[in-house]
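Topology and contacts: notes
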Amino acid sequence: MRNLSLKQLQAVAAVARLGTMTRAAQELNVTSAALYARIRQLEEEAGLLLFDRTPGGLKPTDAGREMLWAIDSINTVLETCTDRLRTLRGAEGGRVALGVVSTAKYFAPQVIAGFVKKHPGVEISLSVRNRGQTVEALRGYEIDFALMGRPPRDFPIEAATFGPHPIVLIAPPSHPLAGKTGLNREDLADQPFFLREEGSGTRMVFEEFMSGVLVKRAPLDIDTGSNETIKQAVMAGLGIALLSVHSVAAELESGRLVLLNVKGLPIRRDWYAVRRADKVLGPAASAVWSYLMSEGARSLPGVAQSGLVPAGAKA
């Protein structure tokens, strides 16, 4: 039945409902000969008669009833598809593929939760990767858009900022420099630092800020791609680190970490929503993008602790 068409199925359904070829042909606005040809083609392909001639008109055979069952199933699928397309057009349903760099995982769930409260029918797929992997996912159309601190420049994109991204210097409360004010970069020269991995946005900010100052590496070889591991090492007194304030907000609030007061800190960066320039966002993805622009800054943790105030908030 590989050549089965919707017109043939409509013919079978009409004949079964009306009982004659003539009345079915009139309803379908075709000639009786054309309708008969459709039914005969189906019967030849199936190798079975679809209708019996009875005094009360044409009645479906067992094969005909199987065909009617298939017609009902197809109609149900088409109706469901129509409903889902209608929902997608209204931005009250659909699926959005959102990619975020690892630091954004500290606030992305809050953003999503706020959006889903307003649009409960939208399903969001969240992928957390490092910056390089997120850029590649964006380049390869694997995601609708991404949240990152530094948009790529090697392919056409559209980017919009939605909130501040302060970079701060953290230390344990017992650190000798904790509580001191007016520190300079040179005061940090003999301090052991934990650095994020090469290529990360935070690492690039660190290299810019400490340019010209000889940096001492912490005496512990750890996975520097992990904010969590770096935080634990700093709390243990093994060194200090320059990290996103979002990643350390809970520890600052609880007093397990403190900010060092160094001239030029915190470093103000911004968060961007980024999509390919040739990527047309569907209604659901457009709704998420709009929500980020209007409400995203409210979900950013630790900004007030850094001394920066989110856009739209009161100082």
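Residues numbered from 1 in each chain as written. Predicted model: local features only at pLDDT ≥ 70, side-chain atom pairs only at ≥ 80, totals over all residues. Heavy atoms only, no water.

Quick look at the overall build of the protein
Of regular secondary structure, the protein possesses eleven helices and eleven strands. For 315 residues, the compact-globule formula gives about 20 Å, and the C-alpha radius of gyration of the protein, at 32 Å, lies well above that figure. Viewed in the frame of its principal axes, the protein has a C-alpha envelope of about 105 × 40 × 35 Å. Looking at the protein as a whole, 45% of its 315 residues qualify as buried. A total of about 16,500 Å² of accessible surface is found on the protein, and carbon and sulfur atoms cover 52% of it. Averaging the coordinates of the 37 positive side-chain charges in the protein and doing the same for the 32 negative ones gives two points 4 Å apart. (Helix = DSSP H or I, 4+ residues; strand = E, 2+ residues; numbered from the N terminus. Rg over C-alpha atoms; globule rule 2.2 N^0.38 Å. Buried < 20%, exposed > 50% of the residue type's maximum accessible area, 1.4 Å probe, protein only. Areas by Shrake-Rupley, 256 points an atom, 1.4 Å probe, with all protein chains shown as cover. Lys, Arg positive; Asp, Glu negative; His and termini not counted. Charge placed at Lys NZ, Arg CZ, Asp CG, Glu CD.)

Some details on the side chain of Lys231
Among the secondary structure elements, Lys231 is positioned in helix 8 (residues 227-235). Among the residues examined, Lys231 registers a relative accessible area of 3% and is labelled buried. Dropping the residues within four chain positions of it, Lys231 is found in contact with Tyr106, Leu243, Ser247, Val248 and Glu251. (Contact = heavy atoms within 4.5 Å.)

Points about the packing of helix 1 (residues 6-18) against helix 2 (residues 21-28)
Interaxial distance between helix 1 and helix 2 falls to 8 Å at its minimum, and their mutual angle equals 130°. Taken together, the axes of helix 1 and helix 2 are oblique relative to one another. In this structure, helix 1 meets helix 2 at a crossing whose hand is right-handed. Residues Gln10, Ala11, Ala14, Val15, Arg17 and Leu18 of helix 1 touch helix 2, and the partners they reach there are Met21, Arg23, Ala24, Glu27 and Leu28. In the contact of helix 1 with helix 2, the residues fall into seven nonpolar, one polar and three charged. (Axes fitted to C-alpha atoms, helices over the stretch in contact; angles between N-to-C directions. Parallel < 35°, antiparallel > 145°, perpendicular 65-115°, else oblique. Left-handed = near helix turned anticlockwise from the far one by under 90°. Nonpolar A, V, L, I, M, F, W, Y, C, P; charged D, E, K, R; others polar.)

Re helix 7 (residues 201-209)
Those residues of helix 7 that fall on the buried side of the exposure criterion are Thr202, Arg203, Val205, Phe206 and Phe209. Take helix 7 and look down its axis: the buried residues cluster within an arc of 160°, on one side only. Residues of helix 7 that are buried in the fold lie against strand 6 (157-171), strand 7 (192-194), strand 8 (216-217), strand 9 (240-244) and strand 11 (267-276). (Arc of directions from axis to C-beta.)

Some details on the nonpolar core
Core analysis: the biggest nonpolar cluster contains 37 residues, and Val96, Phe107, Ile124, Phe145, Leu147 and Phe162 have the highest contact counts within it. Of all elements in the fold, only strand 3 (94-101), helix 5 (108-118), strand 4 (122-129), helix 6 (131-139), strand 5 (145-148), strand 11 and helix 10 (283-295) reach the threshold of two or more residues within this core. Ranked by residues supplied to this core, first place goes to helix 10 with seven residues. In this structure, Leu169, Leu177, Phe206 and Leu242 belong to the second largest nonpolar core, which totals 19 residues. (Core = buried A, V, L, I, M, F, W, Y, C linked by side-chain atoms within 4.5 Å.)

Section: the UniProt feature "domain: HTH lysR-type" (unreviewed entry) in the protein
Here, the residues flagged by UniProt with the feature "domain: HTH lysR-type" (unreviewed entry) are residues 4-61. Across residues 4-61, the secondary structure splits into 62% helix and 14% strand, with the terminal C-alpha atoms separated by 18 Å. (UniProt positions renumbered as here; feature names shortened; annotations may be inferred.)

Here's the deal with the packing of aromatic side chains
Under the definition given, this model contains five aromatic pairs. A centroid spacing of 5.2 Å and a plane angle of 75° characterise the contact between Phe145 and Trp289, whose relative ring orientation is edge-to-face. One end of the pair, Phe145, is in strand 5; the other, Trp289, is in helix 10, with 144 residues separating them in the sequence. Comparing Phe145 with Trp289, the two get one shared label, buried. Taken together, the aromatic side chains of Phe107, Phe162 and Trp271 make up a single cluster linked through ring pairs. (Phe/Tyr/Trp six-rings, centres within 6.5 Å; stacked < 30°, edge-to-face > 60°.)

Let's talk about the environment of Arg95
Within the secondary structure layout, Arg95 lies in strand 3. C-alpha separation for the pair Arg95 and His175, spaced 80 residues apart in sequence, amounts to 47 Å. Not counting chain neighbours up to four residues away, the residues in contact with Arg95 comprise Glu123, Ser125 and Asp144.

Brief notes about the pattern of salt bridges
When the charged atoms of two side chains lie near each other, side chains of opposite charge can form a pair. A full pass over the atoms with the stated rule returns 18 salt bridges. For Asp154, the salt bridge goes to Arg139, with nearest N and O atoms at 2.9 Å. With Asp154 in the loop between strand 5 and strand 6 and Arg139 in helix 6, this residue pair connects regions lying 15 residues apart in the sequence. For Asp154, a relative accessible area of 53% puts it in the exposed group. (Salt bridge = Lys/Arg side-chain N within 4 Å of Asp/Glu carboxyl O.)

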